[in-house]
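Take a look at the letters that make up each chain.
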Amino acid sequence: MYTMLKKEVNEGLAIVTIDRPEALNALNNALLQELKDMFTELRDDEEVRAIILTGAGKAFVAGADIAAMNAMTPIEGREMMILGHSLMDLIEDMEKPVIAAVNGFALGGGCELSMACDIRIASEKAKFGQPETGLGIIPGFGGTQRLPRLVGKSMAKYLLFTSDVIDAERAEQIGLVEKVVPVGALMEEAEKVARRIMANGPIAVGLVKKAVNKGYDLPLREATSLEIELETVAFSTEDKTEGMTAFQEKRDKHFQNK
Ligand code: HXC
């Protein structure tokens, strides 16, 4: 039973909307747990091939819940961080592609949540930032690690030290966002990208996600070895035969996820 999330599934594409507008979708423990339950369910649902995550109202997620955090002991804060990290890891480790459709504020934990997704598409109204140092804390859901991996160490430090909030255009320039679209076109564009991915071999997409995510943190030669192993798995699938045969026969592909 979800009280702060909405889910809609249409032809294999799940759209999850975070809906806690009174707090600009801020993440408290209950919402983090709902997100974890939701992504576990989507990971295990064979009907679902791709996921779009977005927010209701003017925020994607305005961060972790400041009122809740202000009342926390260090141990309670740590428990919240562990819960948050387990959500980010779940999204990153699931084979299905997850697209963040960033509709508005993606600050602190919201920026971190978007960075755990595979691709970020933003509306012109979206705003990104890691304002934690302005609250006397540091990012606690992976921001100090995923932000430098996306935008480089120096730009990450600039954003983390200053707490600057940047608009979608700037986020695209620095590589935090893949595409910026007009407000009314956000979901249509996110769905278009999801459907293009879904037209490809599902196992291959999952293997690419693993190769990029796991390989990124390995020394190059270990990462290229990992690629060989994962490509060998791809070669063992019926989808490989289908994809290549369809090319040779100049016909549409019908991937079976096998
Ligand atoms: C709790 C929040 C919130 C948050 C907004 N609200 N952000 N509540 N936690 N992160 C609440 C406000 O208190 C307010 O409630 C209502 O949402 C509307 O927000 P306003 O501030 O009135 O809206 P606006 O003037 O449009 O300003 C939008 C905003 C601002 C710029 C996004 O709300 C803001 O700066 N929010 C905080 C952003 C932030 O610092 N995020 C990082 C958090 S730290 P009321 O009841 O007053 O109407 C973090 C750490 C992660 O994420 C790691 C943790 C371990």
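Provided above is the structure to which this section pertains.
Residues numbered from 1 in each chain as written. Predicted model: local features only at pLDDT ≥ 70, side-chain atom pairs only at ≥ 80, totals over all residues. Heavy atoms only, no water.

(A) Highlighting the overall build of the chain. Along the backbone of the chain there are 11 helices and 10 strands. Taken over the C-alpha trace, the chain has a radius of gyration of 19 Å; the compact-globule value for 258 residues is 18 Å, and the two agree within 12%. Considering only C-alpha atoms, the chain reaches an extent of 60 × 40 × 35 Å along its principal axes. Considering the chain as a whole, with its 258 residues, one finds that 44% of them fall into the buried category. The long-range fraction of contacts in the chain, counting pairs at least 24 apart against all pairs at least 6 apart in sequence, stands at 69%. Here the chain has roughly 13600 Å² of accessible surface; of this, 55% comes from carbon and sulfur atoms. One way to put it: in the chain the 30 positive side-chain charges average out to a point 3 Å from where the 40 negative ones average out. (Helix = DSSP H or I, 4+ residues; strand = E, 2+ residues; numbered from the N terminus. Rg over C-alpha atoms; globule rule 2.2 N^0.38 Å. Buried < 20%, exposed > 50% of the residue type's maximum accessible area, 1.4 Å probe, protein only. Contact = heavy atoms within 4.5 Å. Areas by Shrake-Rupley, 256 points an atom, 1.4 Å probe, with all protein chains shown as cover. Lys, Arg positive; Asp, Glu negative; His and termini not counted. Charge placed at Lys NZ, Arg CZ, Asp CG, Glu CD.)

(B) Quick peek at the packing of helix α4 (residues 109-116) against helix α5 (residues 143-151). Their axes nearest at 10 Å, the elements α4 and α5 cross at an angle of 55 degrees. Taken as axis vectors, α4 and α5 run oblique relative to one another. α4 and α5 meet at a crossing whose hand is left-handed. Along the contact surface, α4 presents Glu 112, Met 115 and Ala 116, while α5 presents Gly 143, Arg 146, Leu 147 and Leu 150. In the contact of α4 with α5, the residues fall into 4 nonpolar, 1 polar and 2 charged. (Axes fitted to C-alpha atoms, helices over the stretch in contact; angles between N-to-C directions. Parallel < 35°, antiparallel > 145°, perpendicular 65-115°, else oblique. Left-handed = near helix turned anticlockwise from the far one by under 90°. Nonpolar A, V, L, I, M, F, W, Y, C, P; charged D, E, K, R; others polar.)

(C) Quick peek at the sheet that holds strand β6 (residues 105-107). Strand order across the open sheet formed by 4 strands is β4-β6-β8-β9, with mixed pairing between neighbours. Two strands bound the open sheet, and with one partner strand each, they are β4 (59-61) and β9 (165-167). With strand direction ignored, the average angle separating the axes of adjacent strands in the sheet is 20 degrees. In terms of strand pairing, β6 meets strand β8 (residues 127-129) through 3 bridges, oriented parallel. Along β8, the bridge assignment pairs Ala 106 with Phe 128. Each of β4, β6 and β8 touches α4; the most contacted strand, β4, lies at about 75 degrees to it. (Pairing = 2+ DSSP bridges.)

(D) Structural view of the nonpolar core. Among the nonpolar cores identified, the biggest contains 49 residues, and Leu 35, Phe 39, Ile 51, Leu 53, Leu 113, Phe 128 and Leu 176 are the most heavily contacted of them. Not counting the four nearest positions on each side in its chain, Phe 39 is found in contact with Ile 51, Leu 53, Leu 87, Leu 90, Ile 91, Met 94 and Val 98. Judged by nonpolar contacts, the second largest core, of 15 residues, contains Ile 52, Ile 99, Ala 101 and Val 181. (Core = buried A, V, L, I, M, F, W, Y, C linked by side-chain atoms within 4.5 Å.)

(E) Representation of the pattern of salt bridges. Following the criterion strictly, the structure yields 16 salt bridges and no others. Between Asp 93 and Lys 214 there is a salt bridge whose closest N-O contact spans 3.6 Å. Of this pair, Asp 93 sits in helix α3 (residues 74-93) while Lys 214 sits in helix α9 (residues 202-216); the two residues are 121 residues apart in sequence, bridging distant segments of the chain. Between Glu 189 and Lys 179 there is a salt bridge, with the nearest N and O atoms lying 2.9 Å from each other. Placement of Glu 189 in helix α8 (residues 186-198) and of Lys 179 in strand β10 (residues 179-181) is noted, with a sequence separation of 10 residues between them. (Salt bridge = Lys/Arg side-chain N within 4 Å of Asp/Glu carboxyl O.)

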